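Summary of structural features
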Amino acid sequence: MSRGSRITGVGGYRPERVVPNSELVEAINSSDQWIRERSGIIERRYARPDESVVDMAHAAAIDAIAMAGLEPSDIEAVLVATVTHPYQTPAAAPKLADRFDLRCAAFDISAACAGYCYGISLASDMVRGGTAEHVLVVGVEKLSDFTDFTDRSTAFIFADGAGAAVVSRSDRVGIGPTIWGSEGDSWTTIQQKPSWVELREADEFRWPPILMEGHKVFRWAVWGMAPVAQKAMDAAGIKPSDLDAFIPHQANMRIIDSMLKQLKLPKDIPVARDIAETANTSAASIPLATERMLREGLIPHGGLALQIGFGAGLVFAAQVIELP
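A few points on the structure.

Okay, the overall build of the protein chain next. From N to C terminus, the protein chain includes nine helices and 13 strands. In terms of C-alpha radius of gyration, the protein chain reaches 19 Å, essentially the compact-globule figure of 20 Å for 324 residues. Each principal axis of the C-alpha distribution contributes one length, and for the protein chain these read about 55 × 45 × 35 Å. Out of the 324 residues in the protein chain, the part that is buried amounts to 56%. Accessible surface, the protein chain: about 13,700 Å² in total, of which carbon and sulfur atoms supply 50%. Of the side chains in the protein chain, 31 bear a positive and 41 a negative charge, and the two mean positions are spaced by 5 Å.

A word on the sheet that holds strand S13 (residues 315–322). Strand order in this open sheet of four strands is S8-S13-S12-S11, and the pairing throughout is mixed. Looking at strand neighbours, the two that pair on one side only are strand S8 (179–182) and strand S11 (245–248), the edges of this open sheet. Recorded for the sheet is a direction-independent mean angle of 10° between the axes of neighbouring strands. Across the face of the sheet, helix H9 (residues 285–295) comes into contact with S11 and strand S12 (304–311) while running at roughly 150° to S11.

Enumeration according to the criterion identifies four aromatic pairs in this entry. When the ring of tryptophan 34 is compared with that of phenylalanine 156, the centres are 5.5 Å apart and the planes differ by 80°; the resulting orientation is edge-to-face. Here tryptophan 34, found in helix H1 (residues 32–39), pairs with phenylalanine 156, found in the loop between strand S6 (134–142) and strand S7 (160–170); they are 122 residues apart in sequence, far enough to count as distant. A residue is classified by how much of its surface remains accessible, and phenylalanine 156, at 0% relative accessible area, is buried.

In this section: the pairing of S12. Within a regular beta strand, the side chains point alternately toward one face of the sheet and then the other, so they alternate between its two faces. For S12, a buried count of seven out of eight residues is recorded, marking the element as mostly surrounded by other parts of the structure. Here S11 pairs with S12 via four bridges, running parallel. When the sheet's bridge partners are listed, phenylalanine 246 is paired in S12 with leucine 306. By the bridge criterion, eight bridges tie S12 to S13 in an arrangement that is antiparallel. Paired with glycine 311 across the bridge in S13 is valine 315. If you look at the hairpin formed by S12 and S13, you'll find three residues sitting between the two strands, and glycine 313 has a positive phi there, around 150°.

So, on to the environment of isoleucine 35. Among the secondary structure elements, isoleucine 35 is positioned in helix H1. With relative accessibility at 0%, the residue isoleucine 35 sits in the buried group. Along the primary structure isoleucine 35 and arginine 152 are separated by 117 residues, whereas in three dimensions their C-alpha atoms are 9.9 Å apart. Not counting the four nearest positions on each side in its chain, isoleucine 35 is found in contact with Asn21, Val25, Ser30, Gly40, Ile41 and Phe156.

Conventions used here
- Residues numbered from 1 in each chain as written.
- Predicted model: local features only at pLDDT ≥ 70, side-chain atom pairs only at ≥ 80, totals over all residues.
- Heavy atoms only, no water.
- Helix = DSSP H or I, 4+ residues; strand = E, 2+ residues; numbered from the N terminus.
- Rg over C-alpha atoms; globule rule 2.2 N^0.38 Å.
- Buried < 20%, exposed > 50% of the residue type's maximum accessible area, 1.4 Å probe, protein only.
- Areas by Shrake-Rupley, 256 points an atom, 1.4 Å probe, with all protein chains shown as cover.
- Lys, Arg positive; Asp, Glu negative; His and termini not counted.
- Charge placed at Lys NZ, Arg CZ, Asp CG, Glu CD.
- Pairing = 2+ DSSP bridges.
- Axes fitted to C-alpha atoms, helices over the stretch in contact; angles between N-to-C directions.
- Contact = heavy atoms within 4.5 Å.
- Phe/Tyr/Trp six-rings, centres within 6.5 Å; stacked < 30°, edge-to-face > 60°.

If you want it as structure tokens, here you go:
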């Protein structure tokens with residue numbers, strides 16, 4: 001058994017196609033200014049029609065494994081956080097493992113925007129418990145396949161991308177305790193609608209989009225998630241002044257600003273604001289932001305970051321990590 005765990009590498013993949021707000025406004029009778037003011041989003045990325053969740057996950061994973069200084073054969077478990085793999089079964093993770101010619105444990109995590117943080121927690125427990133030495137965790141979504149482009153609440157929100165991390169055994173603690181939970185009594189707040197069963201009963205085929213009650217989600221995130229983030233810092237035994245980065249799920253710029261105020265984080269702390277260029281990529285948003293901020297030198301290798309994911313379920317998870 002290992003005393004600790006840490007993230008040793010991260011990687012990200014952003015599809016080539018850039019979609020500005022101007023391409024979406026006519027269908028929802030809106031404007032670029034309205035979208036920016038409501039969400040902070042300027043543009044987003046969409047995958048090609050022939051580009052799958054597994055394709056994007058593979059691209060991100062290659063970079064994460066390389067940054068960790070490993071070979072693919074060193075990976076002993078693969079966890080994929082996604083809600084947009086278009087198969088009820090089999091999961092995306094075994095297919096991703098096969099891309100690397102791996103026959104290790106592989107499974108998906110369906111925890112929406114909190115999925116990556118769930119995966120980091122599970123991977124940390126696996127390496128500390130001796131189940132694996134190196135675990136690949138990927139957050140990936142192709143939300144453009146599940147978007148109703150006529151829905152004024154969500155058409156401009158969702159996007160595509162993948163972010164990956166390698167969690168490895170360590171002689172020190174590099175991943176703090178996870179504060180996580182669920183509020184299943186609010187499950188209809190963000191959901192795929194209609195369900196597959198409802199489509200079958202209606203004897204029709206159409207792609208069911210992911211819809212949400214935006215005002216309810218906003219209030220829940222603004223007032224409910226800052227205390228979760230604070231508990232994660234408390235559990236890790238650190239103060240806001242100890243942090244080198246704040247990397248929240250990229251749901252809405254106003255939510256991020258509100259959390260900053262409630263947590264009383266230092267004014268000069270680097271904060272992930274990737275939502276402006278990548279929109280909401282659900283499980284991919286935190287690792288994508290982490291990869292970019294490290295690559296651009298905005299946050300230090302070896303520094304401490306507070307990350308928190310929250311979304312459909314409703315579910316949430318937060319932890320303090322040491323940056324690779």
